[in-house]
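Okay, here's what each chain looks like letter by letter:
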Amino acid sequence: AAMGQAPLLRVRDEPSASLDARAEEWLFQQYAGLSRSDGGVTVLVTHRFTTARAADLIVVLDGGRVVEVGTHDTLSQADGLYAELFRLQARYFV
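About the criteria used
- Residues numbered from 1 in each chain as written.
- Predicted model: local features only at pLDDT ≥ 70, side-chain atom pairs only at ≥ 80, totals over all residues.
- Heavy atoms only, no water.
- Helix = DSSP H or I, 4+ residues; strand = E, 2+ residues; numbered from the N terminus.
- Buried < 20%, exposed > 50% of the residue type's maximum accessible area, 1.4 Å probe, protein only.
- Areas by Shrake-Rupley, 256 points an atom, 1.4 Å probe, with all protein chains shown as cover.
- Contact = heavy atoms within 4.5 Å.
- Phe/Tyr/Trp six-rings, centres within 6.5 Å; stacked < 30°, edge-to-face > 60°.
- Pairing = 2+ DSSP bridges.
- Patch = residues over 30% accessible without salt bridge, like charges linked within 9 Å, V, L, I, M, F, W, Y side chains within 5 Å.
- Salt bridge = Lys/Arg side-chain N within 4 Å of Asp/Glu carboxyl O.

Student: Is there a simple way to explain the overall build of the protein in this structure?
Tutor: A tally of regular secondary structure across the protein gives four helices and four strands. Along the chain direction, N to C, the helices and strands of the protein fall in the order β-α-β-α-β-β-α-α. The 94 residues of the protein split such that 23% are buried. When the accessible area of the protein is evaluated, it comes to approximately 6,900 Å², of which 57% is carbon and sulfur surface.

Next comes the structure, spelled out in structure tokens:
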């Protein structure tokens, strides 16, 4: 898919796992720009909630099943699994 001129779907599994914060920011800006400019969709698998927070749509899996779907704001307000895990990671940055 990366070799195509303008793929409609890009799937990335933890693409920033070994990157520092600046490189990760650059990478995600590139993905966002590509998807907006060519109408494609990027599916990003991540365990970093700072990354997930920027997504247009977040799908939360638990035990291989979809348990929540929404934006960061809606999932945070729902106070489910996403909100719990986000708070766990965020406490180290506040």
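Student: What is the right way to read the environment of I58 from this model?
Tutor: Along the chain, I58 turns up in strand β3 (residues 58-62). Overall, the relative accessible area of 7% leaves I58 in the buried class. Between the C-alpha atom of I58 and that of T71, which follows or precedes it by 13 residues, the distance is 5.7 Å. In contact with I58, other than residues within four places in its own chain, are A52, R53, E68, V69, G70, T71, H72, L75 and Y82.

Student: Where do I start with the side chain of E24 in this structure?
Tutor: Position of E24 relative to the elements: it lies in helix α1 (residues 21-38). Of the residues examined, E24 reaches a relative accessible area of 12% and is grouped as buried.

Student: Would you mind going over the packing of aromatic side chains with me for this structure?
Tutor: The geometry of two aromatic rings is summed up by the distance between their centres and the angle between their planes. Overall, the coordinates contain three aromatic pairs when judged by the stated rule. A ring pair is formed by F49 and F86, whose centres lie 6.4 Å apart and whose planes are at 80°; its orientation type is edge-to-face. Separated by 37 residues along the polypeptide, F49 in helix α2 (residues 49-53) and F86 in helix α4 (residues 81-90) bring together distant segments of the chain. Pairwise contacts between aromatic rings join F49, Y82 and F86 into one cluster.

Student: Explain the pairing of strand β4 (residues 65-70) to me, please; I cannot follow it from the model alone.
Tutor: Consecutive side chains of a regular strand alternate in pointing toward one face of the sheet and then the other. The pairing of β3 with β4 spans five bridges and is classified as antiparallel. Following the sheet pairing, V60 is matched in β4 by E68. Taking the residues between adjacent antiparallel strands as the criterion, β3 and β4 are bridged by two residues, where G63 takes a positive phi near 65°.

Student: Would you mind going over a nonpolar patch on the surface with me for this structure?
Tutor: On the surface, L8, L9, V11, V41, V43 and V45 cluster together into a nonpolar patch covering about 520 Å² of accessible area. Take the nonpolar patch: its biggest share by element is three residues, from strand β2 (residues 41-45). Mapped onto the secondary structure, L8 falls in the segment before β1 (9-13). Assessed through its relative accessible area of 63%, L8 is described here as exposed.

Purely geometric stuff here, so don't read any function into it on its own.
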